[in-house]
Amino acid sequence: MPNQTFTSSAALSGKIRVPGDKSISHRSLMFAGLAVGESRITGLLEGEDVLATAAAMRQLGADITRNDDGEWRVHGAGLGSLLEPHQALEMGNSGTSTRLMMGLLASHPIAATFTGDASLSGRPMNRVITPLSQMGASFEASKGGTLPLMVRGASPAVPITYRLPVASAQVKSAVLLAGLNTPGITRVIEPIATRDHTERMLTGFGATLEIGEETGANGPERIIAIHGEADLKPQNVVVPGDPSSAAFFIVAALIVPGSDLLIENVGLNTTRAGIVTVLRQMGGQIEEVNPREVGGEPVADLCVRHSALTGIDVDPAIVPSMVDEFPVMFVAAALAKGTTRTTGLEELRVKESDRLSTMANALTLAGVSLEENEDGLIIQGTGGDPIPGTPNEASVETRLDHRIAMAMAIAGLVSRNGVCVDDTAPIATSFPTFMDLLSGASA
Ligand code: S3P
């Protein structure tokens, strides 16, 4: 377990480019793996989570190779023709790989076992087991609906209409992917909109989807209908930069005095860009330069300058569009003037770690005043003064959670004693170039 101390930093300057979007990278490999013919992917995130998806798709029959220039080529196995894997599918730390592939397999006549690391093996899978069982798949899961688990797909599966009980793009995507190889029309009702990469990309690969809106009991709801037995066509996919990775550098540049950083090629799909809105509400100077489209997604370069931040009450309605960015937003709040209150964050308790308690413990150890509630944190900021940092010999616990490790690394940049992070290895799951970019930008 490589522990590391992150200390007070020079201003961040120059320009950086964050790696490809994790959500889009997973989906590009999966969808290309279902199309007959050769797809090419550029800008793929080469983090451990995405490599777990690539390995699993190979076990299911896709031919996936990487060229020396970083372009990936995928020859799909074909929808309906996935092979039964000889060994367990090892998903590492990746909930997205697991839940989306459970959906894929649910409508194929094969059985497969999913395994994962200690973090993934504690995460709830009943949220996908429930709808996929209604479609005809059967499951043998470990206690409490966790990994290791076995799925036996149904052939043919039956189409369902499923209203999401939690705002989760992974659950939505699992049902839509099962619907791809199911006769008839499968529908998902989304009371709260979540990231829409699956819908956009499946349409690009040639599937037929209809997206409508209806008035539900609590306001408008999205209805996504997918026509089954689709004929997917190979595509050339360009993966835009990951806003969730960019968020660490946006916050770093906002809180480290004197910073002026250009972050190139950041995906700004409105279902993902909540962090930019919230940081601007806190007074952050974030300018969008050269807005354009990459791979069917809105993208811009972000020019971020050190700013005096002010605490706010974060509107819970914005949570789904920044669900992965709260750890680093809490760090921004710790350096803001006054109080930041967050609510509606119950889902953070079932991420790679319980992100409310992990961040509450980590920030408290680093000398930040806060209160942990069931559904959020209330943080008292320093008004820009450095936080104390971790005491001698003590390190914050990251609990196999990449985003905790990166958020606390950023906190260390504006601290008196530095912040010691117990285990930086998980950063490689989503952002293998994080350390290099950080040292380069603050050199
Ligand atoms: C993801 C959806 C979100 C997010 C995860 C990636 C996706 O999970 O936290 O990092 O690619 O669909 P939930 O569906 O659990 O909210």
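Computed from a prediction, not measured in an experiment: that's the story for all the values here. (Residues numbered from 1 in each chain as written. Predicted model: local features only at pLDDT ≥ 70, side-chain atom pairs only at ≥ 80, totals over all residues. Heavy atoms only, no water.)

Novice: Can you walk me through empty space enclosed by the protein in this structure?
Specialist: Summary: where empty space remains is shown by rolling a probe the size of a single water molecule over the atoms. Enumeration over the complete set of coordinates arrives at one cavity of 30 Å³ or more. Taken as a whole, the largest cavity encloses approximately 30 Å³ of empty space. In terms of lining, the largest cavity is formed by Pro243, Ile250, Val266, Gly267, Leu268, Arg272, Ala273, Ile275, Val276 and Leu302. Mapped onto the lining of the largest cavity, the elements with two or more residues apiece are helix 7 (243-255), strand 15 (260-267) and helix 8 (274-281). Looking at the lining of the largest cavity, its residues break down into eight nonpolar, one polar and one charged. (1 Å grid on protein atoms, 1.4 Å probe; cavity = no way out; pocket = protein on both sides within 12 Å on 5 of 7 lines; lining within 4 Å. Points joined across faces, edges and corners; volume = space filled by probe spheres on them. Helix = DSSP H or I, 4+ residues; strand = E, 2+ residues; numbered from the N terminus. Nonpolar A, V, L, I, M, F, W, Y, C, P; charged D, E, K, R; others polar.)

Novice: Can you help me understand the domain arrangement of the protein in this one?
Specialist: As a measure of interface size, the accessible area lost when the parts come together is often cited. Per the domain assignment, the segments making up the protein are domain 1 (4-20 + 240-441) and domain 2 (22-233). Relative placement of domain 1 and domain 2: their C-alpha centres are 29 Å apart. In this assembly, 24 residues from domain 1 lie in contact with 25 residues from domain 2. Summed over both partners, the interface of domain 1 with domain 2 comes to about 2,000 Å²; 49% of that surface belongs to carbon and sulfur atoms. The largest share of the area that domain 1 buries against domain 2 comes from Arg272, Glu352 and Thr429, three residues that together contribute 24% of it. Seen at the junction of domain 1 and domain 2, the total is three salt bridges. Applying the counting rule to domain 1 against domain 2 returns 16 residue pairs in polar contact (both at pLDDT 80 or more). Counting only elements with at least two residues in the side of domain 1 that touches domain 2, the list comes to strand 17 (297-305) and helix 11 (402-412). Its residues assigned to classes, the side of domain 1 that touches domain 2 comprises nine nonpolar, seven polar and eight charged. (Domains from an automatic or database assignment. Contact = heavy atoms within 4.5 Å. Buried area = accessible area lost by both parts, 1.4 Å probe. Salt bridge = Lys/Arg side-chain N within 4 Å of Asp/Glu carboxyl O. Polar contact = N/O pair within 3.5 Å; in protein donor to acceptor, adjacent residues only side chain to side chain.)

Novice: I'm lost on helix 11 in this one. Help?
Specialist: For an α-helix the count is 3.6 residues per turn, leaving residues at separations of three or four pointing the same way. A large share of helix 11 lies buried, amounting to eleven of its eleven residues. Buried residues of helix 11: His402, Arg403, Ile404, Ala405, Met406, Ala407, Met408, Ala409, Ile410, Ala411 and Gly412, and no others. Near the N-terminus of helix 11, the side chain that reaches the backbone nitrogen of Arg403, with its oxygen 3.0 Å away, is that of Asp401. (Buried < 20%, exposed > 50% of the residue type's maximum accessible area, 1.4 Å probe, protein only.)

Novice: Looking at this structure, how should I read the layout of surface pockets?
Specialist: Volume-wise, the largest pocket comes out at about 670 Å³. Lining of the largest pocket is provided by 36 residues; of these, Ala167, Ser168, Val323, Glu347 and Lys351 occupy positions nearest its centre. The element contributing the most residues to the lining of the largest pocket is helix 1 (residues 22-32), with four residues. For the lining of the largest pocket, a count of residues per class yields ten nonpolar, ten polar and 16 charged. When residues of the lining of the largest pocket are assigned to domains, at least three fall in each of domain 1 (4-20 + 240-441) and domain 2 (22-233). Each pocket or cavity is described by its volume, and for the second largest pocket that value is around 210 Å³. Classifying every residue of the lining of the second largest pocket by side-chain character gives six nonpolar, five polar and two charged.

Novice: What am I meant to see in the site of the ligand here?
Specialist: In the neighbourhood of the ligand, the contacting residues comprise Ser23, Arg27, Thr96, Arg99, Ala167, Ser168, Ala169, Gln170, Arg195, Val323, Asp324 and Lys351. Ser23 has a polar side-chain atom sitting 2.7 Å from an oxygen atom of the ligand. Contact with the protein chains removes 95% of the 390 Å² of surface that the ligand exposes when unbound. Class assignment for the residues of the shell around the ligand results in three nonpolar, four polar and five charged. Two domains each provide a minimum of three residues to the shell around the ligand, namely domain 1 (4-20 + 240-441) and domain 2 (22-233). (Near = heavy atom within 4 Å. Areas by Shrake-Rupley, 256 points an atom, 1.4 Å probe, with all protein chains shown as cover.)

Novice: How do you make sense of the packing of aromatic side chains when you look at a structure like this?
Specialist: The geometry of an aromatic ring pair is captured by two quantities: the separation of the ring centres and the angle between the planes. What the rule picks out here adds up to six aromatic pairs. Between the aromatic rings of Phe248 and Phe434, the centroid separation amounts to 6.3 Å while the plane-to-plane angle is 80°, which identifies the pairing as edge-to-face. In this pair, Phe248 is assigned in helix 7 and Phe434 in helix 12 (residues 434-441), connecting sequence segments 186 residues apart. For the ring pair Phe249 and Phe431, a centre distance of 6.0 Å and an interplane angle of 65° mean the geometry is edge-to-face. Here Phe431 lies in the loop between strand 21 (419-421) and helix 12 and Phe249 lies in helix 7, a separation of 182 residues in the sequence. The exposure class assigned to Phe249 is buried, which follows from its relative accessible area of 0%. Judged by its relative accessible area of 0%, Phe431 is buried. Taken together, the ring pairs in this structure connect Phe248, Phe249, Phe431 and Phe434 into an aromatic cluster. (Phe/Tyr/Trp six-rings, centres within 6.5 Å; stacked < 30°, edge-to-face > 60°.)

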